[in-house]
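A look at the structure
Next come the chains, spelled out residue by residue.
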Amino acid sequence: MKNICFFSGDITRSGGTERVGSVIANALTKRGEFDVCFLSLWEKNSDTFFPLDKKIKRYVLFNEEVSGKRILTYIRGIKKFIEMQDIDILIDIDGILDMYSIPAVRKTKCKVISWEQFNYYQNPYVSYRKYTRKLAAKKADAIVVLTDEDKGYYQKEVAVKGKLVRIYNPIEKAKSKYLYNSQSKTIISAGRLVEQKGFDMLVDVAKLVFAKHSDWQWIICGEGENRTELEAKIQQEGLEKNVILKGNVNNIQEYYRDAALYVLTSRYEGFGLVLTEAKNMGLPCISFKCPAGPSEIIEDGINGYLIDCFDIQGMADKINLLIENVDERKRFSQNALIGTEKFDLDKIVRQWEKLLLDL
């Protein structure tokens, strides 16, 4: 049985990367084809935010965060781990980790899969993602991207030596049928409070929406370094009673159940996992048509709306349209799962299995 290791910066974090990594690892473990484990550079918390199957072992290289300048320390630690645990395939759950894993597997039997969580043209947090993408194109045994749009970017910009595969992030089927709350007067958005997610633009949209519909609320679930700036902008626009920053929540499904629609204002995405979650809960969705992901998730005019980037007035108009037309919201809700068959967890896991077996 092959030994598969998911490599993370810190698998105990609460981000989308950690979430989907946990989901795929759990599903592969249940299918019984591979021995699965996780390796983190370090772990801030004693337990993972997202549940892991009890069969999945967790390993940590360092007891605390080590300076990013000590790249050789990372590489030596990963190489030693690979050899001691007899790892066959290392899956970097964020492409930035390729700068450590690819040098580490030299002169070993271990293969590397670079799982890219952003689109090719975006380099959030660190500019050297440009370098790691080119490194992965030359040295990784496979690159997994999240959308056909992003696959096209790779094919246009770099010559990928290994496999280039599009595997969507999965939707986990709801345990029971969702009953749309047509009486709700709540809009919901979720994500880290960072520039990428465009919550500053959300406040601009909200100002136009609540000028007409002051009895509605817009709840934002998530935490991040831009909280102070967002709070100031919300206060400046006099929207404290309408735009609510909830912080990190453990029960996001309850917020979806209580909402009338989901809105995504991101400047860019790697995929748009929150859109698939919202659709799975029967919510109409409105999103900027940003790169990359929303256009492959929302069926425009069928279960939501795609808005030109970054048309503040256009988004506000569509939100107001749905607020004022409950029948349209109900129709979108009934159509929410149209086009989501491609995100089925079983289908996605079979694609991962095929890739792992091919390698």
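Our subject is the structure listed above.
Now for a quick tour of the structure.

On to the packing of aromatic side chains. For the structure shown, the criterion picks out 16 aromatic pairs. Every member of this aromatic cluster is reached through a ring pair, and the members are Trp-42, Phe-62, Tyr-74 and Tyr-100. The cationic tip of Arg-166 hangs over the ring face of Tyr-168; the distance from NZ or CZ to the ring centre is 4.0 Å. Geometry around Tyr-305 places Lys-318 over its ring, the cationic atom sitting 4.4 Å from the centre.

Spanning 14 residues, helix 12 (residues 345–358) covers 20 Å between terminal C-alpha atoms, matching the ideal 20 Å at 1.5 Å per step. If you check which residues of helix 12 are buried, you get Leu-345, Ile-348, Val-349, Trp-352, Glu-353, Leu-355 and Leu-356. Buried residues along helix 12 cover an arc of 165° about the axis, so they all sit on one side. Among the exposed residues of helix 12, those oriented more than 90 degrees off its buried face are Lys-354 and Leu-357. The backbone nitrogen of Asp-346 has a side-chain oxygen 3.2 Å away, supplied by the residue at the start of helix 12, namely Asp-344.

Residues Ile-89 and Ile-91 of strand 4 (residues 89–92) are buried on one face, and the alternating residues Leu-90 and Asp-92, pointing to the opposite face, are buried as well. Bridge analysis of strand 1 (residues 2–8) against strand 4 gives 4 bridges, and the strand direction is parallel. Each bridged residue has a counterpart across the sheet, and for Cys-5 the counterpart in strand 4 is Leu-90. Handedness of the crossover joining strand 4 and strand 5 (residues 111–115) through helix 3 (residues 98–104): right-handed.

Before going further, it helps to spend a moment on the state of the cysteines. Within this structure, the stated rule accounts for 0 disulfides. With no disulfide of its own, Cys-221 lies closest to Cys-285 among cysteine sulfurs, the gap being 14 Å. Not engaged in a disulfide, the cysteine Cys-285 finds its nearest cysteine sulfur in Cys-290; these two sulfurs lie 13 Å apart.

This part is about the side chain of Ser-266. Residue position: Ser-266 is located in the loop between strand 11 (261–264) and helix 9 (273–280). Assessed through its relative accessible area of 2%, Ser-266 is described here as buried. A polar side-chain atom of Ser-266 sits 2.6 Å from a polar atom in the side chain of Glu-269. The contact partners of Ser-266, leaving out residues within four places of it in the chain, are Gln-196, Lys-197, Gly-198, Phe-288, Cys-290 and Phe-310.

With respect to topology, 6 strands assemble into an open sheet ordered 10-9-8-11-12-13, the strand pairing being parallel. Each of the sheet's edge strands pairs with one partner strand only, and the pair in question is strand 10 (243–247) and strand 13 (304–307). Averaged over neighbouring strand pairs, the angle between their axes works out to 20° when direction is ignored. Relative to strand 12 (residues 285–288), strand 11 is paired through 3 bridges, and the arrangement is parallel. Each residue of the ladder has a partner; that of Tyr-262, found in strand 12, is Cys-285. Sitting on the sheet, helix 10 (residues 312–324) touches strand 8 (186–190), strand 9 (217–221), strand 11, strand 12 and strand 13, and the angle it makes with strand 12 is about 175°.

Trans peptide bonds make up most of the peptide bonds, and negative phi angles are found at most residues other than glycine. Omega for the peptide link from Pro-291 to Ala-292 comes to -10°, which places this bond in the cis form. Assignment of secondary structure puts Ala-292 in the loop between strand 12 and strand 13. Cis geometry is found at the peptide bond from Cys-309 to Phe-310, where omega equals -15°. When you line up the elements, Phe-310 lands in the loop between strand 13 and helix 10. Phi is positive for Asp-86, close to 55°, though the residue is something other than glycine. If you trace the backbone, Asp-86 turns up in the loop between helix 2 (71–85) and strand 4.

This next bit is on the environment of Pro-284. Secondary-structure assignment places Pro-284 in the loop between helix 9 and strand 12. Counting along the chain gives 69 residues from Pro-284 to Asp-215, while the straight-line C-alpha distance between them is 19 Å. Among all residues touching Pro-284, those that are not within four sequence positions of it are Tyr-180, Ala-260, Leu-261, Tyr-262, Asn-303, Leu-322, Arg-329, Phe-332 and Ser-333.

One recurring pattern in soluble globular proteins: nonpolar side chains tend to sit buried together. In terms of nonpolar packing, the biggest core is built from 89 residues, with Phe-6, Trp-115, Trp-218, Tyr-262, Ile-319 and Trp-352 touching the most fellow members. Counting residues per element, this core draws most heavily on helix 6 (residues 199–210), at 8 residues. Not counting residues up to four positions away in its chain, the partners in contact with Phe-6 are Gly-21, Ile-24, Ala-25, Leu-28, Val-36, Cys-37, Phe-38, Leu-39, Ile-91, Ile-93 and Trp-115. Formed by 34 residues, the second largest nonpolar core is a distinct cluster that contains Phe-7, Ile-87, Met-99 and Ile-102.

Opposite charge on two side chains allows them to pair when their charged atoms are near. The final tally for this structure, using the stated rule, is 22 salt bridges. Between Asp-47 and Arg-58 there is a salt bridge, and its shortest N-O distance comes to 3.6 Å. One end of the pair, Asp-47, is in the loop between strand 2 (34–40) and strand 3 (57–60); the other, Arg-58, is in strand 3, and 11 residues separate them in sequence. The residue Asp-204 makes a salt bridge to Lys-233 at a minimum N-O spacing of 3.0 Å. A residue pair is termed long-range when its members are at least 10 positions apart, and Asp-204 in helix 6 and Lys-233 in helix 7 (residues 227–236) qualify at 29 residues. Exposure remark for Asp-204: the relative accessible area of 28% places this residue in the partly exposed category. Here the salt bridges do not stand alone but share partners, grouping Glu-43, Asp-47 and Arg-58 into one network.

Here is what the cut-offs are and how they apply
Residues numbered from 1 in each chain as written. Predicted model: local features only at pLDDT ≥ 70, side-chain atom pairs only at ≥ 80, totals over all residues. Heavy atoms only, no water. Phe/Tyr/Trp six-rings, centres within 6.5 Å; stacked < 30°, edge-to-face > 60°. Lys NZ or Arg CZ within 6 Å of the ring centre and 35° of its normal. Helix = DSSP H or I, 4+ residues; strand = E, 2+ residues; numbered from the N terminus. Expected span 1.5 Å × (residues − 1). Buried < 20%, exposed > 50% of the residue type's maximum accessible area, 1.4 Å probe, protein only. Arc of directions from axis to C-beta. Polar contact = N/O pair within 3.5 Å; in protein donor to acceptor, adjacent residues only side chain to side chain. Pairing = 2+ DSSP bridges. Right-handed = clockwise from strand over helix to strand, strands pointing away. Disulfide = S-S within 2.5 Å. Contact = heavy atoms within 4.5 Å. Axes fitted to C-alpha atoms, helices over the stretch in contact; angles between N-to-C directions. Core = buried A, V, L, I, M, F, W, Y, C linked by side-chain atoms within 4.5 Å. Salt bridge = Lys/Arg side-chain N within 4 Å of Asp/Glu carboxyl O.

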